[in-house]
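Here is how the chains run, residue by residue.
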Amino acid sequence: MASGPLRLSDEPRPVPGAGEVLVRVLACGVCRTDLHVSEGDLEVHRASVVPGHEVVGEVVSPGSRFAVGERVGIAWLRHTCGECRYCRRGAENLCPNSRYTGWDADGGYADYTVVPEAYAYRLPTGYSNAELAPLLCAGIIGYRALERADLPDGGRLGVYGFGASAHLAAQVALARGATVHVLTRSAAARELALSLGAASAGPADAMPPEPLDAAILFAPVGDLVLPALAALDRGGTLSIAGIHLSDIPVLNYQRHLFQERQLRSVTANTRQDGADFMAFAAQHRLHVTTTPYPLDHADRALTDLAGDRVDGAAVLVP
Ligand SMILES: [Zn+2]
Ligand SMILES: [Zn+2]
């Protein structure tokens, strides 16, 4: 971010293609993946792409699934082929022909954007536009990461890192009766965790007060894989939520994996994950902590995110 990779520009309003609708952006969340796109941690898929894949907007061109004026959500996944072996077995998150909002196609750091209707979400009521935005990636990915962690009913969950995604996944786990231990370097995030109902909150590399049945690593820090695996009870699972992780140090088989502990990654999400999470959010009022920024301060929002200076989720409001 120090080199200023974002530029504000005036562009013509995008024109929806077949199966797409035009959307006026009401709020767009700022996700860590936007930082990876902007800083080049992820390869360039489209030169001068408009970032942003947590878009809450209002439909302004008529579609077949959504009416003009309807509030709609646009997320990271925006195309899968429907024909490959992964799509056919319900794992469209692994489709090698998939495309993504704010990476392959222009996203929501804008006044207007377009979305394929088949990949847009109906949104729960009872939330503001800014509160809904982080649900669309942070929320959905956290939800999938929790599913991948195989937390048993009433189990003990460790949450490593406590940003936008973690603070939502922790609430899902708590609503399902889990005991949640949060491990993060940010003192403010530890306070937020305790206020949401976490049983304990300590530094990122500390041992939780009891063994864990499951853990989720949200911080993009490979070093933390070791303490997180070491904290697992027999048969426990660690799921890694991030799209990008620094190198994992050498594991010690006895200390980190033996006793059938498992290490799993999480790759994007299926539309079913998104629909399931939106249904959960409609039934359980999640507390969504947001920090608003004007659209033309997107670079400041990303810089603050990179420096861990954002409480909850940063949200751009045009
Ligand atoms: Zn496919
Ligand atoms: Zn994201």
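- Per an unreviewed UniProt entry, the chain goes by the name Probable alcohol dehydrogenase AdhA and belongs to Kutzneria kofuensis.
- The record in UniProt for the chain states the following under Sequence similarities (unreviewed entry): "Belongs to the zinc-containing alcohol dehydrogenase family."

1. Quick look at the nonpolar core
Taken as a class, soluble globular proteins show a tendency for nonpolar side chains to be buried jointly.
And then number 1: Leu135, Phe162 and Leu286 are the most contacted members of the largest nonpolar core, which has 47 residues in total.
And then number 2: Here this core gets 7 residues from one element, more than from any other, and that element is helix 5 (residues 164-175).
And then number 3: Of the domains in this structure, domain 1 (20-136 + 269-316) and domain 2 (139-265) are the two that each give at least three residues to this core.
And then number 4: Ignoring any residue separated from it by four or fewer positions in sequence, one finds Leu135 in contact with Ile140, Leu168, Phe277, Met278, Ala281, Leu286 and Val288.
And then number 5: Counting residues in hydrophobic clusters, the runner-up holds 24 residues, among them Val23, Phe66, Ile74 and Tyr109.

2. Section: the sheet that holds strand 12 (residues 232-240)
And then number 1: A sheet is described by the order of its strands in space; here 6 strands give the open sequence 10-9-8-11-12-13, paired in parallel fashion. For this open sheet the edge positions go to strand 10 (200-202) and strand 13 (262-265), each flanked by a neighbour on one side alone. Adjacent strand axes in the sheet meet at a mean angle of 20° when their direction is disregarded.
And then number 2: Sheet strands touched by helix 4 (residues 138-148): strand 8 (156-160), strand 11 (212-217), strand 12 and strand 13. Its angle to strand 12, the strand with the most contacts, is close to 150°.

3. Some details on the UniProt feature "domain: Alcohol dehydrogenase-like N-terminal" (unreviewed entry) in the chain
And then number 1: Mapped onto this structure's residue numbering, the UniProt feature "domain: Alcohol dehydrogenase-like N-terminal" (unreviewed entry) falls at residues 17-124.
And then number 2: Its end C-alpha atoms 27 Å apart, residues 17-124 is made of 11% helix and 31% strand.

4. Remarks on the side chain of Ser61
And then number 1: Turning to its location among the elements, Ser61 is positioned in the loop between strand 2 (55-59) and strand 3 (71-74).
And then number 2: Judged by relative accessible area, Ser61 falls into the buried class, the value being 13%.
And then number 3: Among the polar contacts made by the side chain of Ser61, one reaches the main-chain amide nitrogen of Leu22 at a distance of 2.9 Å.
And then number 4: In contact with Ser61, not counting residues within four places along its chain, are Pro16, Val21, Leu22 and Val68.

5. Brief notes about the packing of helix 4 against helix 9 (residues 271-283)
And then number 1: Contact pair helix 4 / helix 9: the axes reach a minimum separation of 9 Å and the direction vectors enclose 105°. By the angle between their axes, helix 4 is roughly perpendicular relative to helix 9. Along its contact with helix 4, which presents Gly139, Ile140, Tyr143 and Arg144, the element helix 9 presents Asp273, Gly274, Asp276, Phe277, Met278 and Phe280.
And then number 2: Looking at the contact of helix 4 with helix 9 residue by residue, the classes come out as 5 nonpolar, 2 polar and 3 charged.

6. Describing the pairing of strand 1 (residues 20-30)
And then number 1: When you tally the buried positions in strand 1, you get 8 out of 11 residues, the bulk of the element.
And then number 2: As paired strands, strand 1 and strand 6 (residues 112-116) are joined by 5 bridges and run antiparallel to one another. Counted as the bridge partner of Glu20 is Pro116 from strand 6.
And then number 3: By the bridge criterion, 5 bridges tie strand 1 to strand 2 in an arrangement that is antiparallel. Of the residues in strand 2, the one forming a bridge with Val23 is Val59.

7. Structural notes on the packing of aromatic side chains
And then number 1: Taken as a whole and judged by the stated rule, the model has 6 aromatic pairs.
And then number 2: Measuring from centroid to centroid gives 6.4 Å for Tyr143 and Phe280, while their planes differ by 50°, and the two rings are tilted. With Tyr143 in helix 4 and Phe280 in helix 9, the pair connects residues that are 137 residues apart, well separated along the chain.
And then number 3: The class for Phe280 is buried, based on a relative accessible area of 10%.
And then number 4: Taking 5.6 Å as the distance between ring centres and 50° as the angle between the ring planes, the aromatic pair formed by Tyr253 and Phe258 counts as tilted.
And then number 5: Classification of Phe258 by relative accessible area gives partly exposed; the value is 37%.
And then number 6: The ring centre of Tyr119 lies 3.9 Å from the NZ or CZ of Arg271, which sits over that ring.
And then number 7: Above the ring of Tyr127, the side-chain terminus of Arg285 is found at 4.3 Å from the ring centroid.

Conventions used here
Residues numbered from 1 in each chain as written. Chains lettered and ligands numbered in written order. Predicted model: local features only at pLDDT ≥ 70, side-chain atom pairs only at ≥ 80, totals over all residues. Heavy atoms only, no water. UniProt positions renumbered as here; feature names shortened; annotations may be inferred. Core = buried A, V, L, I, M, F, W, Y, C linked by side-chain atoms within 4.5 Å. Buried < 20%, exposed > 50% of the residue type's maximum accessible area, 1.4 Å probe, protein only. Helix = DSSP H or I, 4+ residues; strand = E, 2+ residues; numbered from the N terminus. Domains from an automatic or database assignment. Contact = heavy atoms within 4.5 Å. Pairing = 2+ DSSP bridges. Axes fitted to C-alpha atoms, helices over the stretch in contact; angles between N-to-C directions. Polar contact = N/O pair within 3.5 Å; in protein donor to acceptor, adjacent residues only side chain to side chain. Parallel < 35°, antiparallel > 145°, perpendicular 65-115°, else oblique. Nonpolar A, V, L, I, M, F, W, Y, C, P; charged D, E, K, R; others polar. Phe/Tyr/Trp six-rings, centres within 6.5 Å; stacked < 30°, edge-to-face > 60°. Lys NZ or Arg CZ within 6 Å of the ring centre and 35° of its normal.

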